[in-house]
Amino acid sequence: MTGGGENRYFRRVASGATARWAAHLAILTFFACCAIATPTPAQQNAPANPSQDFGHGGESTTAPNADFTAREHLWIVGAASMQPITDTIVAHLMYDYVLPQPMLELKGTRAGIKAFCAGIGPQYPDIVAASDRMTSAELNRCVRNDVLDVIEVSIGLSSLVVVTKKGNPVFNVTASMFYQALAEQIPIEGEFAANPHKSWKDTATDAPDLPVHVILPTRRTGTRSSFEDHFMQAGCRHVKEIDKIFAAAERVPLCTTLRKDGVFSEAVETATGDNFVAALAQSVPGTVAILPREVFLRVQDKLDALPVAGVLPTKANVADFNYEMFEFLRYYFKRGHMRDTSGHGVVRGIREFMAEIVKDEAFAESGYFAGLGVVPLTPEWRETQRKIVRRLKGFQP
Amino acid sequence: MTPSLRSLPLFPALLLLLALLQPRPAAAGFDTVLNTWAENVTDFFEELIEPLTGPIVQSPSQPRAPASNSNDPFWRYLADAGYEVASIETDIGLIPNVKVTLQILRELSEADRTALERTLLIDDQRDPGLIPALQRQIVHTLLEASQSGEMRVSKLAISLFPIPSADFTMTPAQGPFSAQNTLSTSKSDKRKPAVEPAEPPKTAPKTVGE
């Protein structure tokens, strides 16, 4: 029996049909291995220099197992006011994954976006923490530098808060008052002239007769550019003489160019708000400053918030959009720096970071972002952000 | 083909028309849907045109607000998008028509566009009705069309009857046929500031924390 069985076995092995099947199977296995190992380009314009052959990451929304990355550390740039949020995300990431400590350079949204959009490769940042939206001009610069796939994920709402030292008069302000107080030239009797306003009373009849002085964050920060958009440009939007100007390139400088006669000063924005507290401590009544809400919450024992258009920046007012000066807090990710299916890419951890920020324990009502002063998004918007992360959907301004 | 045969294809259409027009209890559900839809469309047209023309059935005591001061969100969106009403054409006949033509007054800055998008976003949450959603969709389309770098929607014509439509006239953003040049030739140029830029800074802004 045994000998007959062995004979049948050898006859089957020796038969031509079985050999052909084995050969086919081997060829198929070979091609399958080749297909798995070959990365599919996610970006259309591959760089000419093969040594900088990055930008093929993120084909799959699941992280690859292999790791052949050009840099070990995640590199995060952007808004200083988002440092506590970013630190907390990083702490959670490092608890959940074996990741080296990311490099953080939080020196301003605009500066961060500029560095982010400079190119693809280990010498460029991977993530921007932004307190203001990337403009279409900035995205165009990204595209020119082969940063083709940028992913924007909103994590919640913040707002610009107008503050003054505790004990100083608190009065209602509007965008129009800031334009009237700070613009270098304003229309007077139909003609543009140097801004003569010295007192808040000059900018609105119901404002107190206190000298105008405003402390602003330095340029190249998201808070400063948000201030220019939400206060200066909004304040001059329905001014008759401004509305007559067709070209935006002519109109915007008239709205945003600030006086140079000492009516405003600048302070470096930090996550703690110390510089603003120090500057306001020596200020006279009428001096106000502009801070992001999450920074203000950390120093609210020393500062008072002023109502804007009659509305205070409470959590409920920001969440309902009743407070006009709200802003979305966002992270921008570079898909070209993610690892591809074979594990090649610039850095490990981008997708893990994205997954972390859209967890309910992070950005839902009871999430840890709320504890850091971020106003949560509505459930529908949170689901939209999750979809963006799942599908790695590109950002369109 | 004899005349009786030529009219043969019209019979099915006639039968369908009779079937639709004949009031029957079985068709009540369909009628309700149709009527609701018709009311919605009519409401949309009326809401669209009323701020400009005043109520179609005029009340003697009804004050008539000018279009530019309208509080209707749709016209406010269009004003914020940089458009103003250039003309209103009305045809009265078997099929009445109302056509509102808007022309571009100013191009939007990035901040203007973002502010309008934020307004639309907020109103999406606060006022999710069909008609406001349709109105916002027109403005969204206008904003998207205006984002094209080389072309600009210089004229927008909204026709209401018999089929509602929005016609976008796009012109080059730069050059002799641009909307800016057209406006410049038709209006006196008051765009330049009367006073030359201010003298060099007296004091540079003081920076704390550097």
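Being a predicted model, the structure only gives us computed values, none of them experimental.

Caption draft 1: Examining the pattern of salt bridges more closely. Under the counting rule described, the total for this entry stands at 27 salt bridges over all chains. For the salt bridge of Glu327(A) with Arg118(B), the shortest nitrogen-to-oxygen distance reads 3.9 Å. With Glu327(A) in strand β12 (residues 326–334) and Arg118(B) in helix α5 (residues 110–126), this pair bridges two chains. Note on accessibility: Glu327(A) and Arg118(B) belong to one class, buried. Connected via shared salt-bridge partners are Arg133(A), Glu152(A), Glu327(A), Arg330(A), Glu117(B) and Arg118(B).

Caption draft 2: Expanded view of unusual backbone geometry. Residue and element names in this part refer to chain A. For aspartate 146, which is not a glycine, the phi torsion comes out positive at approximately 70°. With respect to the secondary-structure elements, aspartate 146 resides in the loop between α5 (136–144) and β5 (150–165). The backbone phi angle of leucine 392 is positive, close to 50°, even though this residue is not glycine. One can find leucine 392 in the segment after α16 (379–391). With a relative accessible area of 4%, leucine 392 lands in the buried category.

Caption draft 3: Focus on the side chain of Arg237(A). Along the polypeptide, Arg237(A) turns up in the loop between α7 (222–235) and α8 (240–243). Apart from the residues lying within four places of it in its own chain, the contact partners of Arg237(A) are Asp229(A), Asp243(A), Ala111(B), Asp112(B) and Ala115(B).

Caption draft 4: Focus on the packing of aromatic side chains. All names here are of chain A. The tally for this structure, following the rule as stated, stands at 15 aromatic pairs over all chains. Summarising the aromatic geometry, the rings of phenylalanine 178 and tryptophan 200 are spaced 5.5 Å apart at their centres and angled 70° between planes, so their arrangement reads as edge-to-face. With phenylalanine 178 in helix α6 (residues 175–182) and tryptophan 200 in the loop between β7 (191–194) and β8 (213–217), this pair connects stretches of sequence that are 22 residues apart. Per residue, the accessibility class of phenylalanine 178 equals that of tryptophan 200, and both read buried. One aromatic cluster is present, formed by Phe171, Phe178, Trp200, Phe227 and Phe231 through successive ring pairs. One cation-aromatic arrangement involves lysine 334 over phenylalanine 116; the distance from NZ or CZ to the ring centre is 4.7 Å. Here arginine 382 stacks its cationic end above the ring of phenylalanine 363, 6.0 Å away from the centre of that ring.

Caption draft 5: Geometry of the confidence of the model for chain A. Residues and elements named next belong to chain A. Looking at chain A as a whole, the pLDDT averages 86, with 83% of positions reaching at least 70. Below a pLDDT of 50 lies the segment residues 1–15, which in the model reaches 1 contact outside its immediate sequence neighbourhood of four places, other chains included. When the criterion is pLDDT under 50, residues 37–53 qualifies, and its contacts beyond four places in sequence or with other chains add up to 27 contacts.

Caption draft 6: Summary view of the state of the cysteines. Residues and elements named next belong to chain A. Using the criterion set out here, one finds 2 disulfides over all chains in the structure. Cysteine 117 shares a disulfide with cysteine 142; S-S distance 1.9 Å. On the S-S bond that ties cysteine 117 to cysteine 142, the torsion sits near -65°, and the link is left-handed. You can see cysteine 117 sitting in the loop between α4 (109–116) and β4 (127–130) and its partner cysteine 142 sitting in helix α5, a full 25 residues away along the chain.

Caption draft 7: Fine view of helix α3 (residues 83–96) of chain A. Across its 14 residues, α3(A) extends 20 Å between first and last C-alpha, which sits within 8% of the 20 Å expected from 1.5 Å per residue. Those residues of α3(A) not exposed but buried are Pro84(A), Ile85(A), Thr86(A), Ile89(A), Val90(A) and Leu93(A).

Caption draft 8: Structural detail: the pairing of strand β3 (residues 151–159) of chain B. All names here are of chain B. Of all 9 residues making up β3, 7 are buried, and the element is well covered by its neighbours. Where strand β2 (residues 97–104) and β3 come together, 5 bridges link them in antiparallel fashion. Considered in β3, the bridge of valine 100 is made with isoleucine 158. The pairing of β3 with strand β4 (residues 165–172) spans 8 bridges and is antiparallel. Directly across from valine 153, in β4, lies its bridge partner methionine 170. Here β3 folds back onto β4, and the loop between the two strands holds 5 residues.

Caption draft 9: Main features of the nonpolar core. Residue and element names in this part refer to chain A. One finds Val162, Phe178, Leu182, Trp200, Val214 and Phe227 to be the most contacted residues of the largest nonpolar core, which totals 48 residues. For this core, the secondary-structure elements that each account for two or more residues are β5, α6, β8, α7, α9 (248–256), β10 (287–292) and β12. Per element, the largest residue contribution to this core is 6 residues, and it comes from α6. Setting aside residues up to four positions removed in sequence, valine 214 forms contacts with Phe178, Leu182, Trp200, Val263, Phe264, Ser265, Val288 and Ile290. The next biggest cluster of nonpolar side chains, apart from the first, holds 34 residues, and it includes Ala79, Ile85, Tyr331 and Phe363.

Caption draft 10: The environment of Tyr77(B), seen in detail. Residue and element names in this part refer to chain B. If you trace the backbone, tyrosine 77 turns up in helix α4 (residues 73–80). Taking the C-alpha atoms as reference, tyrosine 77 lies 23 Å from proline 172; in sequence the two are 95 residues apart. When near neighbours in sequence (up to four residues on either side) are disregarded, tyrosine 77 contacts Leu116, Thr119, Leu120, Asp123, Arg136 and Val139.

Caption draft 11: Spatial organisation of the environment of Lys240(A). Its place among the elements puts Lys240(A) in helix α8. Lys240(A) sits 50 residues away from Gly190(A) along the chain, and the two C-alpha atoms are 8.6 Å apart.

Caption draft 12: View of the side chain of Ser81(A). Residues and elements named next belong to chain A. The topology assignment puts serine 81 in the loop between β2 (75–78) and α3. A relative accessible area of 0% places serine 81 in the buried class. Aside from chain neighbours lying at most four places away, what touches serine 81 is Ser131, Glu269, Ala271, Pro292, Glu294 and Val295.

Conventions adopted
- Residues numbered from 1 in each chain as written.
- Chains lettered and ligands numbered in written order.
- Predicted model: local features only at pLDDT ≥ 70, side-chain atom pairs only at ≥ 80, totals over all residues.
- Heavy atoms only, no water.
- Salt bridge = Lys/Arg side-chain N within 4 Å of Asp/Glu carboxyl O.
- Helix = DSSP H or I, 4+ residues; strand = E, 2+ residues; numbered from the N terminus.
- Buried < 20%, exposed > 50% of the residue type's maximum accessible area, 1.4 Å probe, protein only.
- Contact = heavy atoms within 4.5 Å.
- Phe/Tyr/Trp six-rings, centres within 6.5 Å; stacked < 30°, edge-to-face > 60°.
- Lys NZ or Arg CZ within 6 Å of the ring centre and 35° of its normal.
- pLDDT = per-residue confidence, 0-100.
- Disulfide = S-S within 2.5 Å.
- Expected span 1.5 Å × (residues − 1).
- Pairing = 2+ DSSP bridges.
- Core = buried A, V, L, I, M, F, W, Y, C linked by side-chain atoms within 4.5 Å.

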